[in-house]
Amino acid sequence: MELVDNVPLRTALAAFAADSNQATYLEVVRQVLQGDLLLDATASDLRVDDGTIAAGSTLRFAGGTGPDGATALFAFTRQEEAARMHPASTHVQTVGQPAAAVLELAASQGHGWLYLDPAGPTCALNLAEVGFVLRNPRNGAVKAALPRGAGAVVEALAQGGVLFYAVDERPDGPRVRTTALPDGSPALLAFTSPAEVVVRAPGDAFLVVDVARAVEEALAEPYVALVIDPAGPWVALRPHELRDVRARLTPL
């Protein structure tokens, strides 16, 4: 079993602590949708019988209070960050969960805040403010595949699901955002979640589209590629890769 060590999120927390602004806050929101986090279960009363949690056990996760007095759930990017909340002699017990699931847990339990690495550098996510990432679908499979390159992204896209377009609301009508590759060739932009959209352009709207639609539109002229999550890690899928996705998508 691999130890939880969410380096991208911890890096975003350090950047936010050094310069707290909208851009660094949104980067934390974007990164909390990937990887794993730890919940501090040290205060729990767990009785294990033959490897399973026995009846009568209680599971209690550490938390506190947010700036407005609402309750907060604590979450940690690695074991060392949780240990910093306790005396050195404490046997700190933690439970690992997907980071996005921790965000959803905090909201479902009625907390107002999610405090990340509260011993610092930290960021407190206001769950009312970041509710848009919970209310909308996201493509976690593609997000997780991006660091592994184009081949892994093709595999993930072939599972179907949705992507997002960024939409520029102009006076003459909305325009879907595009980009240019280093050689100047035009490419269609797509994103794995609304958080990826707002990090790139906070004023943009977003449109949810089926993977099949994004693939077809990226194969149409004048585009030469589909660029996914330009804030990084990102990938540019070329026509032969997009045709591979199209061939492998399950027909509706």
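Above: the structure in question.
Residues numbered from 1 in each chain as written. Predicted model: local features only at pLDDT ≥ 70, side-chain atom pairs only at ≥ 80, totals over all residues. Heavy atoms only, no water.

(A) Region of interest: the packing of helix H7 (residues 150-157) against helix H10 (residues 239-248). Packing of H7 against H10 brings their axes to within 9 Å, and their N-to-C directions diverge by 30°. As judged from the angle between their axes, H7 and H10 are roughly parallel. The handedness of the crossing between H7 and H10 is right-handed. Note on element contacts: H10 touches H7 through Glu 241, Asp 244, Val 245 and Arg 248, opposite Ala 150, Val 154, Glu 155 and Leu 157. Of the residues that constitute the contact of H7 with H10, the class distribution is four nonpolar, no polar and four charged. (Axes fitted to C-alpha atoms, helices over the stretch in contact; angles between N-to-C directions. Helix = DSSP H or I, 4+ residues; strand = E, 2+ residues; numbered from the N terminus. Parallel < 35°, antiparallel > 145°, perpendicular 65-115°, else oblique. Left-handed = near helix turned anticlockwise from the far one by under 90°. Contact = heavy atoms within 4.5 Å. Nonpolar A, V, L, I, M, F, W, Y, C, P; charged D, E, K, R; others polar.)

(B) Expanded view of the side chain of Glu 241. Relative to the helices and strands, Glu 241 resides in helix H10. Arg 238 provides the closest opposite charge to the buried, unpaired Glu 241, separated from it by 6.3 Å. In terms of polar contacts, Glu 241 uses its side chain to reach the backbone amide nitrogen of Arg 238, at 2.8 Å. Apart from the residues lying within four places of it in its own chain, the contact partners of Glu 241 are Ala 150, Val 154 and Ala 236. (Buried < 20%, exposed > 50% of the residue type's maximum accessible area, 1.4 Å probe, protein only. Lys, Arg positive; Asp, Glu negative; His and termini not counted. Salt bridge = Lys/Arg side-chain N within 4 Å of Asp/Glu carboxyl O. Polar contact = N/O pair within 3.5 Å; in protein donor to acceptor, adjacent residues only side chain to side chain.)

(C) Spotlight on the packing of helix H9 (residues 211-219) against H10. Two numbers describe how H9 lies on H10: the axes approach to 10 Å, and their chain directions differ by 145°. Along this stretch, H9 crosses H10, giving a crossing that reads as left-handed. Two secondary-structure elements touch here, H9 through Val 211, Val 215, Glu 216, Ala 218 and Leu 219 and H10 through Pro 239, Leu 242, Arg 243, Val 245 and Arg 246. Residues that form the contact of H9 with H10 fall into these classes: seven nonpolar, no polar and three charged.

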